[in-house]
Amino acid sequence: MPEALPASRTAVLVCQGRAAAHGLIAAGRFADPTAIRLLRADEREAVQWVRDAAVPQPWRQRVDYESVRANAEMIVPRTVAIDDAVRAHPSPQVVILGAGLDGRAWRMPELADALVFEVDQPSSQRDKRERAEGLPGTPPTFVAVDFGHDRLTEALAAAGHRPSEPTSWIWEGVVPYLTTAEVSTTVAALAACSAPNSRLIVNFQLPGTSVTLGRLVARLLMASTGRRSVWATEPWRSTWTPAAMAALLARHGFTVTGEHDLLETARALRVPIRHATSLTHSRVMVADRT
Ligand SMILES: C[S@@+](CC[C@H](N)C(=O)[O-])C[C@H]1O[C@@H](n2cnc3c(N)ncnc32)[C@H](O)[C@@H]1O
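A short tour of the structure in this document, coming up. Remember, it's a predicted structure, so these values are computed and weren't measured experimentally.

Here is what the cut-offs are and how they apply
Residues numbered from 1 in each chain as written. Predicted model: local features only at pLDDT ≥ 70, side-chain atom pairs only at ≥ 80, totals over all residues. Heavy atoms only, no water. Near = heavy atom within 4 Å. Polar contact = N/O pair within 3.5 Å; in protein donor to acceptor, adjacent residues only side chain to side chain. Areas by Shrake-Rupley, 256 points an atom, 1.4 Å probe, with all protein chains shown as cover. Helix = DSSP H or I, 4+ residues; strand = E, 2+ residues; numbered from the N terminus. Nonpolar A, V, L, I, M, F, W, Y, C, P; charged D, E, K, R; others polar. Buried < 20%, exposed > 50% of the residue type's maximum accessible area, 1.4 Å probe, protein only. Pairing = 2+ DSSP bridges. 1 Å grid on protein atoms, 1.4 Å probe; cavity = no way out; pocket = protein on both sides within 12 Å on 5 of 7 lines; lining within 4 Å. Points joined across faces, edges and corners; volume = space filled by probe spheres on them. Salt bridge = Lys/Arg side-chain N within 4 Å of Asp/Glu carboxyl O. Phe/Tyr/Trp six-rings, centres within 6.5 Å; stacked < 30°, edge-to-face > 60°. Core = buried A, V, L, I, M, F, W, Y, C linked by side-chain atoms within 4.5 Å. Contact = heavy atoms within 4.5 Å.

## Some words on the site of the ligand
Phase 1: Taken together, 22 residues lie near the ligand, and Gly98, Asp120, Ser124, Phe147 and Glu172 sit nearest.
Phase 2: Between the ligand and Ser124 there is a distance of 2.7 Å, counted from an oxygen atom to a side-chain nitrogen or oxygen.
Phase 3: One nitrogen or oxygen atom from the side chain of Asp146 is found 2.9 Å from a nitrogen atom belonging to the ligand.
Phase 4: Against a free-state accessible area of 590 Å², the protein chains account for coverage of 96% of the ligand.
Phase 5: For the shell around the ligand, the element with the most residues is helix α1 (residues 10-21), which contributes 4 residues.
Phase 6: Taken together, the residues of the shell around the ligand break down into 9 nonpolar, 8 polar and 5 charged.

Here is the structure:
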């Protein structure tokens, strides 16, 4: 039996970023009122420091503050690019792959008439279900799948997904944590149950020495507080050039119809930018099946 993954901590970090940005960054284009409700009390602390711009002095708190603030900057353009692509292409079914603490199923009125499925590895999904109790709105159908060894197509079919109807697939912040082979297998699996007019919205990281160095610094900073980095159990396993990702999608019948450099998106949204390099190495690609 492959070893079970622990509940994702990177999912908590990006959720903290959304909670910190809500109503303060790109207001009118970005909003996620579910994020704060999906966090536990101790996880809300750093969010509040960032919202109040109250830079804490103790080192450990300072590192938490900086990491939540950096995530808020990164998550706003990513969320807006993905939400826009979802809204522009209504589908009867939406599948959120590696959903983590994504609140879209609850927060997006555009999804109210769609069948929404959330796929995640079992521990992260258990954690999400506990946290989401009491969130107003209709919960999605939860489907536990580890992309490393479970069969996505069968699990979705068992949960009521209909391969004969179009699906919008949202794959945000997950590709880096999968190997190249796992990404390819997952694209093949979702393509096998994508009817014509389906859409895949995928976020991935571009290769780059400066980004690798930046991540190393982030890990060292976290280690300097005496705690394990959130990436200790969730290391990056693959980066993709846009050409390689487009070629993979094309092999499975998806044509790229949109591509967003998140630095450009952040500038258009007037997000205060401190980490231009990491933004420009994060892409959102939109691909459709005809
Ligand atoms: C950074 S979080 C992103 C969560 C969410 N998509 C978002 O953007 O807020 C990464 C997510 O990928 C999931 N994940 C990582 N490896 C996985 C695997 N092998 N199978 C299924 N899910 C996985 C984690 O459980 C976690 O929920």
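## Here we look at the pairing of strand β7 (residues 282-288)
Phase 1: For β7, the buried fraction is high: 7 of the 7 residues fall into the buried class.
Phase 2: Sheet topology places strand β5 (residues 199-205) next to β7; 7 bridges connect them, and they run antiparallel. Directly across from Asn203, in β7, lies its bridge partner Val284.
Phase 3: Bridge count between strand β6 (residues 255-261) and β7: 6 bridges; the pairing is antiparallel. Of the residues in β7, the one forming a bridge with Val256 is Ala287.

## As for empty space enclosed by the protein
Phase 1: Summed over all chains, the structure comprises 1 cavity of 30 Å³ or more.
Phase 2: In this structure, the largest cavity occupies an estimated 40 Å³ of space.
Phase 3: Elements that contribute at least two residues to the lining of the largest cavity include exactly α1 and α6 (122-132).
Phase 4: Per-class residue counts for the lining of the largest cavity are 4 nonpolar, 3 polar and 1 charged.

## Section: the pattern of salt bridges
When their charged atoms lie close together, side chains carrying opposite charge are able to pair.
Phase 1: According to the stated counting rule, one finds 23 salt bridges in the structure shown.
Phase 2: The residue Arg87 makes a salt bridge to Asp84 at a minimum N-O spacing of 3.5 Å. Taken together, the residues Arg87 and Asp84, both in helix α4 (residues 59-87) and 3 residues apart, mark about one turn of the helix.
Phase 3: The class for Asp84 is partly exposed, based on a relative accessible area of 28%.
Phase 4: Salt bridges here are not isolated pairs; linked through shared partners, they connect Arg18, Asp32, Arg78, Asp83, Asp102, Arg104, Arg107 and Glu172.

## A closer look at the pairing of strand β1 (residues 93-97)
Phase 1: Most of β1 sits out of view: 5 of its 5 residues are buried.
Phase 2: Bridge analysis of β1 against strand β2 (residues 115-120) gives 5 bridges, and the strand direction is parallel. Its bridge partner being in β2, Ile96 is matched across the sheet by Glu118.
Phase 3: Here β1 runs beside strand β4 (residues 167-171); their pairing, made up of 5 bridges, is parallel. When the sheet's bridge partners are listed, Val94 is paired in β4 with Ser168.

## Some details on the packing of aromatic side chains
Phase 1: This model, assessed by the stated rule, comprises 1 aromatic pair.
Phase 2: Look at Phe147 and Trp171: their rings are 6.4 Å apart centre to centre, the planes differ by 65°, and that puts the pair in the edge-to-face class. In this pair, Phe147 sits in the loop between β3 (141-144) and α7 (152-159) while Trp171 sits in strand β4, placing the two residues 24 residues apart along the sequence.
Phase 3: Judged by relative accessible area, Phe147 falls into the buried class, the value being 10%.

## Comments concerning the nonpolar core
Phase 1: Membership of the largest hydrophobic core comes to 55 residues, with the highest contact counts inside it found for Val76 and Ile201.
Phase 2: Elements with a minimum of two residues in this core: α1, α3 (41-52), α4, β1, α5 (104-107), α11 (262-268) and β7.
Phase 3: Ranked by the residues each element gives to this core, the list is headed by α4, at 11 residues.
Phase 4: Setting aside residues up to four positions removed in sequence, Ile201 forms contacts with Ile82, Ala85, Val86, Trp169, Ile170, Trp171, Val284, Met285 and Val286.
Phase 5: If you look at the next biggest cluster of nonpolar residues, it comprises 31 residues, including Leu97, Val175, Val183 and Leu248.

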